[in-house]
Amino acid sequence: MTTRAESGEDQSDPGLSAIMSERRRLINLGYRLLGSLADAEDVVQEAYARWYAMSAREQQAVESPGAWLVTVASRICLNVLGSARARRETYVGDWIPEPLPEPTEWITGRPGAGGTDPADRVTLDESVTMAFLVVLDAMTPAERVAFVLHDVFRYPFGEVAEIVGRTPAACRQLASSARRRVRAAQTPAGPGAGQADIVKQFKTAWEAKDIDALIGLLDPDAVATADGGGLAVTHLHPIVGGERIARAYAEIARLTGDRTTILEHTVNGLPGLVARQDGKLATVFAFEIVGDRIRHIWAVRNPEKLRPWRID
């Protein structure tokens, strides 16, 4: 692997400071590749374990420790993605990528974690929106790795080929195929302020159980997907159609009543909602908004995916 100028590591001192400075970049990479912060943290931990398992002479022989860590972490992610497909076959209901709060609300979610760790924060941009992560999840492992490394992290195909174990030409084809998937799924979105207003209107209509107002905010072909993972009660199959979603959400509001509080929060860099039930965080809602209508709602209720959240 050739040296990457932007990695910022000290070529002559592959010591603790230089190595640990790569942690944030690795977490960012792992989250985009796996859609799971917990899995990304495990991958990064394993990459560091492999680095420190080498002798001092072996470490000093590595031209670019940062590039070495990226290579190892990416290959581990490839293996995780392959096994994840088998695990999904037994997953209860739909699997949704793990939602992220805004950085100011970040906690690691690890037992014994003492609070915010800036090195663990995932940079929020268009490549971590829920809609984008869902498209990534539909790709093959090789497509996903090639696309994320090249199009998101700007690695040249020569380096991507070394990581994926294919030729540069093959990696270029993988990324091109992935790019077509992204383009096919993308639709023009409204400005952030406009999206926040629509989410606020949805919250108000939902709390009022106003079915007509909810229908007016939802695309006629909207889809609502939920992820409870068998650990929280939710609808197992996507609800398709704006009117059906409106009636289902109004029924949820009727059943939960005063036990639930809905709050506006940033979810994966975009306006979203969180629900507290009986004083505890119960659900995180991400939205895809096209024009002035909600096209997709993702409701994550699996408590294992809500560990990074701290809602007081």
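Notes on the structure in this doc start here. (Residues numbered from 1 in each chain as written. Predicted model: local features only at pLDDT ≥ 70, side-chain atom pairs only at ≥ 80, totals over all residues. Heavy atoms only, no water.)

**Focus: the sheet that holds strand β2 (residues 239-240)**
Using the following cut-off: Strands qualify as paired when DSSP identifies two bridges or more between them. Each helix corresponds to a stretch of at least 4 residues labelled H or I by DSSP, and each strand to a stretch of at least 2 residues labelled E; elements are numbered beginning at the N terminus. Should any heavy atoms of two residues lie within 4.5 Å, those residues are considered in contact. Only the stretch in contact is used when fitting a helix axis, every axis being a line fitted to C-alpha atoms; angles between N-to-C directions are given from 0 to 180 degrees.
With respect to topology, six strands assemble into an open sheet ordered β2-β1-β6-β5-β4-β3, the strand pairing being mixed. Of all the strands in the sheet, just β2 and β3 (260-267) have a single pairing partner and so form its edges. Where strand β1 (residues 218-227) lies against strand β6 (residues 293-300), six bridges are found, and the strand directions are parallel. Directly across from Ala226, in β6, lies its bridge partner Ala299. Here helix α12 (residues 242-256) sits on the sheet in contact with β1, β2, β3, β4 (270-277), β5 (280-290) and β6, set at roughly 50° to β1.

**Quick notes on the pattern of salt bridges**
Side chains bearing opposite charge may pair, as long as their charged atoms lie close to each other. Note the following rule: Within this document, salt bridges are pairs made up of a side-chain nitrogen of Lys or Arg and a carboxyl oxygen of Asp or Glu, the two lying within 4 Å of each other. Exposed residues in this analysis have more than 50% of their type's maximum accessible area, buried residues have under 20%, and partly exposed residues fall in between, with area computed by a 1.4 Å probe over protein chains only.
Summed over all chains, the structure comprises 13 salt bridges. For the salt bridge of Lys200 with Glu264, the shortest nitrogen-to-oxygen distance reads 3.1 Å. Within this pair, whereas Lys200 is found in helix α10 (residues 192-207), its partner Glu264 is found in strand β3, the two being separated by 64 residues in sequence. Owing to a relative accessible area of 40%, Lys200 belongs among the partly exposed residues under this scheme. The shortest N-O distance in the salt bridge between Asp227 and Lys305 comes to 2.5 Å. Taken together, the positions of Asp227 in strand β1 and Lys305 in the segment after β6 put the pair 78 residues apart, joining distant regions of the chain.

**With respect to a nonpolar patch on the surface**
The cut-off we apply is this: Residues forming no salt bridge and having over 30% relative accessible area are the ones grouped into patches, like charges within 9 Å of each other and nonpolar side chains (Val, Leu, Ile, Met, Phe, Trp, Tyr) within 5 Å. Values of accessible area rely on a 1.4 Å probe in the Shrake-Rupley scheme; residue burial ignores everything except the protein chains shown.
A cluster of nonpolar residues, Leu16, Met20 and Tyr52, forms a patch on the protein surface that exposes about 300 Å² of accessible area. Summarising the element assignment, Met20 is placed in helix α1 (residues 16-20).

**What to know about the packing of aromatic side chains**
We count it as follows: Stacked, tilted and edge-to-face are the three classes assigned to paired rings of Phe, Tyr and Trp, where Trp is represented by its six-membered ring and a pair needs centres within 6.5 Å; plane angles under 30 degrees give stacked, over 60 edge-to-face, the rest tilted. By the criterion adopted, a ring carries a charge over it if an Arg CZ or a Lys NZ lies within 6 Å of its centre and within 35 degrees of its normal.
With the rule as written, the count across this model stands at eight aromatic pairs. Between Trp206 and Tyr249 the ring centres are 4.9 Å apart and the planes differ by 50°, which places this aromatic pair in the tilted class. Residue Trp206 is located in helix α10, and its partner Tyr249 is located in helix α12; the two are separated by 43 residues in the primary sequence. Like Trp206, the residue Tyr249 is buried in the burial classification. Three or more aromatic residues joined by ring pairs make a cluster, and in this case those are Phe202, Trp206, Tyr249, Phe285 and Phe287. If you follow Arg88 out to its NZ or CZ, it ends over the ring of Trp95, 3.6 Å from the centre.

**Let's talk about the pairing of β6**
Buried residues dominate β6, accounting for six of its eight residues. Relative to β6, β5 runs antiparallel, the two sharing seven bridges. Residue pairing for β6: Phe285 is matched across the bridge by Ala299. Linking β5 to β6, which pair antiparallel, is a turn of two residues; within it Gly291 sits at a positive phi near 65°.

**Considerations on the nonpolar core**
Among soluble globular proteins, nonpolar side chains are generally buried collectively. Short version of the rule: What makes a nonpolar core is a set of buried Ala, Val, Leu, Ile, Met, Phe, Trp, Tyr and Cys residues whose side-chain atoms join them at distances within 4.5 Å.
The biggest cluster of nonpolar side chains holds 50 residues, and the ones touching the most others in it are Tyr31, Phe147 and Leu149. Leaving out residues up to four positions away in the same chain, Phe147 has contacts with Phe132, Leu136, Met139, Val152, Ala175, Ala178, Arg179 and Val182. Formed by 25 residues, the second largest nonpolar core is a distinct cluster that contains Trp206, Leu218, Ile245 and Ala275.

**Some words on the packing of helix α2 (residues 23-34) against helix α3 (residues 37-53)**
Note the threshold: Small angles under 35 degrees read as roughly parallel and large ones over 145 as roughly antiparallel, with 65 to 115 read as roughly perpendicular and the rest as oblique. Take the far helix as the reference: if the near one is turned anticlockwise from it by less than a right angle, the crossing is left-handed, and if turned clockwise, right-handed.
Remark: α2 packs on α3, axes separated minimally by 8 Å, with the N-to-C direction vectors making an angle of 130°. What the angle tells us is that α2 and α3 run oblique. Where α2 crosses over α3, the handedness of that crossing is right-handed. In this structure, α2 contributes Arg23, Leu26, Ile27, Gly30, Tyr31 and Leu34 to the contact, and α3 contributes Leu37, Asp39, Ala40, Glu41, Val43, Val44 and Tyr48.

**Observations concerning unusual backbone geometry**
The phi dihedral of Arg154 is positive, around 65°, even though this residue is not glycine. Summarising the element assignment, Arg154 is placed in the loop between α7 (141-152) and α8 (157-164). At Asn268, a position not held by glycine, the phi torsion is positive, near 50°. With respect to the secondary-structure elements, Asn268 resides in the loop between β3 and β4.

**Some remarks on the environment of Pro141**
One can find Pro141 in helix α7. On the basis of relative accessibility, which here comes to 19%, the residue Pro141 falls in the buried class. Residues Pro141 and Leu78, 63 residues apart in the sequence, show an inter-C-alpha distance of 5.9 Å. Once residues lying within four places of it in the same chain are set aside, the contact partners of Pro141 are Leu78, Leu81, Gly82 and Arg85.

**Describing the side chain of Arg144**
Here is the rule: Pairs of N or O atoms within 3.5 Å make up the polar contacts considered here, provided that, within protein, one atom can donate a hydrogen while the other can accept it, and that residues adjacent in sequence are counted only when both atoms are side-chain atoms.
Looking at the secondary structure, you find Arg144 in helix α7. For Arg144, the side chain forms a polar contact with the main-chain oxygen of Leu33, separated by 2.7 Å. Residues contacting Arg144, with those up to four places away along its chain left out, are Arg32, Leu33, Leu34, Gly35, Leu81, Leu133, Leu136, Asp137 and Met139.

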